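The lines below spell out each chain.
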Amino acid sequence: MSQQRFPRLYPIVDQELLELRGVAVSRVAEDLKAAGVILLQYRNKVGEPDSILRHASVIWEVFAGSDCQLILNDYADLVGRAGFGGVHVGQGDLSPEDARRVVGAKRWVGVSTHSDEQVRIANETSADYVAVGPVFATSTKMDAEPVIGLDGVRRARALTKKPIVAIGGITRANARSVIDAGADSVAVISALFVEGETVEKVVGDFLEILR
């Protein structure tokens, strides 16, 4: 991974949420690019591989030629075909080492953790970054793990020198407190969508708050 500072904002484009809100992938991708996002993840938990690749290609085309790092959730075997720069795996998915074998040494591998022990284990792997959470209560995942709070972020910071991405219930109002607790980056999903505001405007606010 680059030695430059890990991007402070990590938007996650979630296909189920987009469909629920009636928003096109292309529209969100264009807003994220216009706002200056340099790291994002595409997550599709329900689509078939062809559908995932089709939507991923839309994102790739929007960001083609930019410096944005594109991460695909779960599907390590589709990363190369999508032209993405890495994969993110959860506790029930491929292990970071198995994912690494699939995507290779040059692409990023991120891993989700929900406890101190999982952070310790992730720290011993080749994962490029460790996601911790949920920091706050979240409505995005129905089977969400118990909230770890800001104290959980602080404990994770003490357990690893890898970049930490905090996720779960993060908004413009609390994002700064998460960074102050030791996270390098905050992942946002539903908080990208605020009634009466464009995604570009909301993301611009996040980037300003997290500078």
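Just so it is clear, the structure is predicted and the values come from calculations on it, not from any experiment. (Residues numbered from 1 in each chain as written. Predicted model: local features only at pLDDT ≥ 70, side-chain atom pairs only at ≥ 80, totals over all residues. Heavy atoms only, no water.)

**Q** Explain the pattern of salt bridges here, please?
**A** Oppositely charged side chains may form a pair once their charged atoms are brought near each other. Here the structure, examined in full by the defined rule, presents 15 salt bridges. Taking the shortest distance from any N to any O, the salt bridge between Glu117 and Arg120 comes out at 3.2 Å. Here the residue Glu117 and the residue Arg120 both occupy positions in helix H6 (residues 116-123), the gap between them amounting to 3 residues, near one helical turn. Glu197 serves as the salt-bridge partner of Lys201, at 3.1 Å between the closest nitrogen and oxygen. (Salt bridge = Lys/Arg side-chain N within 4 Å of Asp/Glu carboxyl O. Helix = DSSP H or I, 4+ residues; strand = E, 2+ residues; numbered from the N terminus.)

**Q** Would you mind going over the pairing of strand S8 (residues 185-188) with me for this structure?
**A** A regular strand carries its side chains on alternate faces of the sheet. Burial of the side chains of S8 extends over both faces: Ser185 and Ala187 are buried on one face and Val186 and Val188 on the other. Pairing of strand S1 (residues 9-14) with S8 involves 3 bridges; the strand directions are parallel. Note on S8: the bridge partner recorded for Pro11 is Val188. When strand S7 (residues 164-167) meets S8, the two strands line up parallel, connected through 3 bridges. Bridge pairing in S8 places Val165 opposite Ser185. The β-α-β motif built from S7, the intervening helix H8 (residues 175-180) and the parallel element S8 has right-handed crossover chirality. (Buried < 20%, exposed > 50% of the residue type's maximum accessible area, 1.4 Å probe, protein only. Pairing = 2+ DSSP bridges. Right-handed = clockwise from strand over helix to strand, strands pointing away.)

**Q** Can you walk me through the sheet that holds S8 in this structure?
**A** Strand pairing within a sheet occurs via backbone hydrogen bonds; the two strands may be parallel or antiparallel. Taken together, 8 strands build a closed barrel; the order of strands is S1-S2-S3-S4-S5-S6-S7-S8 and the barrel is parallel. The sheet shows a mean angle of 25 degrees between the axes of neighbouring strands, taken without regard to direction. (Axes fitted to C-alpha atoms, helices over the stretch in contact; angles between N-to-C directions.)

**Q** Hey, could you run me through the pairing of S7 in this one?
**A** Strand direction decides the pairing type here: strand S6 (residues 129-132) and S7, joined by 3 bridges, are parallel. For Ala131, the partnering residue across the bridge sits in S7 and is Val165.

**Q** Looking at this structure, how should I read the environment of Ile12?
**A** The residue Ile12 is located in strand S1 in this model. Residue Ile12 is classed as buried on the basis of its relative accessible area, which comes to 4%. For the pair Ile12 and Gln41, spaced 29 residues apart in sequence, the C-alpha separation works out to 4.7 Å. The contact partners of Ile12, leaving out residues within four places of it in the chain, are Gln41, Arg43, Ile167, Ala187, Val188, Ile189 and Leu192. (Contact = heavy atoms within 4.5 Å.)

**Q** Help me understand the nonpolar core, please; the structure alone is not making it clear to me.
**A** What tends to happen in soluble globular proteins is that the nonpolar side chains get buried as a cluster. If you look at the biggest cluster of nonpolar residues, it comprises 70 residues, and the most contacted ones within it are Leu32, Leu40, Ile59, Phe63, Phe84 and Val132. Take this core: its biggest share by element is 6 residues, from helix H3 (residues 49-63). Once residues within four sequence positions are removed from consideration, Leu32 is found in contact with Pro11, Val13, Val37, Leu40, Phe63, Leu192, Val199 and Val203. (Core = buried A, V, L, I, M, F, W, Y, C linked by side-chain atoms within 4.5 Å.)

**Q** Got a minute to help me understand the side chain of Arg100 in this structure?
**A** Within the secondary structure, Arg100 is located in helix H5 (residues 96-103). Setting aside chain neighbours within four positions, we find Arg100 in contact with Ala105, Arg107, Trp108, Val109, Ser126, Ala127 and Asp128.

**Q** I'm lost on the environment of Gly65 in this one. Help?
**A** Relative to the elements of secondary structure, Gly65 occurs in the loop between H3 and strand S3 (69-73). Gly65 sits 113 residues away from Val178 along the chain, and the two C-alpha atoms are 31 Å apart.

**Q** What is the right way to read the packing of aromatic side chains from this model?
**A** Ring pairs (aromatic) are described by centroid distance and by the angle formed between their planes. Per the stated rule, a full pass over the model turns up 4 aromatic pairs. A ring pair is formed by Phe6 and Trp108, whose centres lie 5.5 Å apart and whose planes are at 25 degrees; its orientation type is stacked. Of this pair, Phe6 sits in the segment before S1 while Trp108 sits in strand S5 (residues 108-113), and the two are 102 residues apart along the sequence. Residue class for Trp108 comes out buried when judged on its relative accessible area of 11%. Look at Phe6 and Tyr129: their rings are 5.6 Å apart centre to centre, the planes differ by 55 degrees, and that puts the pair in the tilted class. Here Phe6 is found in the segment before S1, whereas its partner Tyr129 is found in strand S6, with 123 residues between them in sequence. With relative accessibility at 6%, the residue Phe6 sits in the buried group. Judged by its relative accessible area of 0%, Tyr129 is buried. (Phe/Tyr/Trp six-rings, centres within 6.5 Å; stacked < 30°, edge-to-face > 60°.)

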